[in-house]
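Overview (structure and organization)
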Amino acid sequence: MRLYAVVAAGGFRRYATYRIATAAGVFTNTVFGFILAYTYMALWDERPQLGGYDMSQALTYVWLGQALLATCAMMGGGFEDELMERIRTGDVAIDLYRPIDLQMWWLAGDLGRAAYQLMARGIAPMVLGALAFPLALPTSPGVWLAYLVSVTLGVVVSFAVRYLVALSAFWLMDGAGASQIAFLAGLFFSGMLLPLTLFPGLLGEVARALPWSALLQVPADVFLGKRTGWGLVEAFAFQGGWALALLLAGRLVQSVATRRVVVQGG
């Protein structure tokens, strides 16, 4: 486990070196946060309590989305491009023969990346949003702790989805198409554009049941106090269940791909 802790720390330091990119990301998240906040204000002025949120909760949801956009890599930008390139060039064969767990290696690095993005690109926009708008911030340390747990589970779900997307490069000429589909699905079904509680009927039920809702909708509801008691346990179980299922699926696909590499190498 110490090895993976070192890998996670390396992932944190790796992204910490790109300070200009971080500053540009903070600026972008803040600008889009203001645009979305004023859009939400106009919408909630017309429809108070829309989706079960009051105005301050809706504005808080906006800024949580900006804080988690890079943290959960909803638009990509994590490890997947590098892994797909290693698969395309055949360098992944070396990785598969190393005495490490390939999935755990990339997961550890991605957790380090997410930790840095949450601190660097999550806190600043949230603080600026709180200064400009009346946000519904939790007063209980327990809620903040539950939120961090939920975010961590969301990052693992995000990783597991992107890992499967990256492994698709074993069978596709180019994994860019799969990445674009995952990127669009992540933006729409995570609740980044609008809270999933606004989605009507069957669409809403399906959207809330998909793994992408674990990236933003569930952590936001935990932060806003919509998930307490048994509801909080159910939220963690939902995120943990998807994380486990997707990680196991990734291991299965990795096993099939490994056999393919061994056969071709032999």
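What follows covers the overall build of the protein chain. Of regular secondary structure, the protein chain possesses eleven helices and zero strands. When the helices and strands of the protein chain are read in sequence order from the N terminus, they spell out α-α-α-α-α-α-α-α-α-α-α. Relative to the globule expectation of 18 Å for 266 residues, the C-alpha radius of gyration of the protein chain, 19 Å, shows essentially globular dimensions. When each of the 266 residues of the protein chain is scored for burial, the buried share is 47%. Residue pairs at least 24 apart in sequence account for 80% of intrachain contacts in the protein chain once pairs closer than 6 positions are excluded. When the accessible surface of the protein chain is totalled, it reaches about 13000 Å², and 70% of it is carbon and sulfur.

Among the nonpolar cores identified, the biggest contains 66 residues, and Met-74, Leu-83, Tyr-163 and Leu-216 are the most heavily contacted of them. Ignoring any residue separated from it by four or fewer positions in sequence, one finds Leu-216 in contact with Tyr-61, Leu-64, Gly-65, Leu-68, Met-74, Ser-190, Gly-191 and Met-192.

To continue, consider the side chain of Arg-121. Mapped onto the secondary structure, Arg-121 falls in helix 6 (residues 102–132). Reaching out from Arg-121, the side chain makes a polar contact with the side chain of Asn-29 at a distance of 3.1 Å.

Turning our attention to unusual backbone geometry. The phi dihedral of Gln-49 is positive, around 65°, even though this residue is not glycine. By secondary structure assignment, the location of Gln-49 is in the loop between helix 2 (19–46) and helix 3 (55–71). Here Ala-73, not a glycine, exhibits a phi torsion of approximately 50°, which is positive. Looking at Ala-73, the relative accessible area reads 7%, which means it is buried.

For the rest of this paragraph, the subject is the pattern of salt bridges. Scanning all chains against the criterion turns up six salt bridges. Measuring nitrogen to oxygen at the nearest pair gives 3.1 Å for the salt bridge that ties Arg-162 to Glu-80. You can see Arg-162 sitting in helix 7 (residues 141–167) and its partner Glu-80 sitting in helix 4 (residues 80–89), a full 82 residues away along the chain. Taken as a pair, Arg-162 and Glu-80 share a single burial class, namely buried. Asp-110 is the salt-bridge partner of Arg-162, the closest N and O atoms lying 2.6 Å from each other. Remark: Asp-110 occurs in helix 6 and Arg-162 occurs in helix 7; sequence separation between them is 52 residues. Arg-162 sits in the buried class, given a relative accessible area of 6%. The network of salt bridges with shared partners includes Glu-80, Asp-110, Arg-113 and Arg-162.

For the α-helix, the turn length of 3.6 residues means that residues three or four positions removed from each other point alike. Between its first and last C-alpha, helix 6 extends 44 Å over 31 residues, near the 45 Å set by a 1.5 Å rise per residue. Bending of helix 6 peaks at approximately 35° at the position of Gly-122, with proline Pro-125 no more than four residues after it. For helix 6, the N-terminal capping position is held by Asp-101, with its side-chain oxygen 3.2 Å away from the main-chain nitrogen of Gln-103.

This part covers the packing of aromatic side chains. Scanning the model with the defined rule gives 17 aromatic pairs in all. Between Trp-63 and Phe-133, the ring centres sit 6.2 Å apart and the planes meet at 35°, which makes this aromatic pair tilted. Of this pair, Trp-63 sits in helix 3 while Phe-133 sits in the loop between helix 6 and helix 7, and the two are 70 residues apart along the sequence. Its relative accessible area of 6% is what places Phe-133 among the buried residues.

Cut-off values and rules
- Residues numbered from 1 in each chain as written.
- Predicted model: local features only at pLDDT ≥ 70, side-chain atom pairs only at ≥ 80, totals over all residues.
- Heavy atoms only, no water.
- Helix = DSSP H or I, 4+ residues; strand = E, 2+ residues; numbered from the N terminus.
- Rg over C-alpha atoms; globule rule 2.2 N^0.38 Å.
- Buried < 20%, exposed > 50% of the residue type's maximum accessible area, 1.4 Å probe, protein only.
- Contact = heavy atoms within 4.5 Å.
- Areas by Shrake-Rupley, 256 points an atom, 1.4 Å probe, with all protein chains shown as cover.
- Core = buried A, V, L, I, M, F, W, Y, C linked by side-chain atoms within 4.5 Å.
- Polar contact = N/O pair within 3.5 Å; in protein donor to acceptor, adjacent residues only side chain to side chain.
- Salt bridge = Lys/Arg side-chain N within 4 Å of Asp/Glu carboxyl O.
- Expected span 1.5 Å × (residues − 1).
- Bend = angle between axes of the 7 residues up to and from the residue.
- Phe/Tyr/Trp six-rings, centres within 6.5 Å; stacked < 30°, edge-to-face > 60°.

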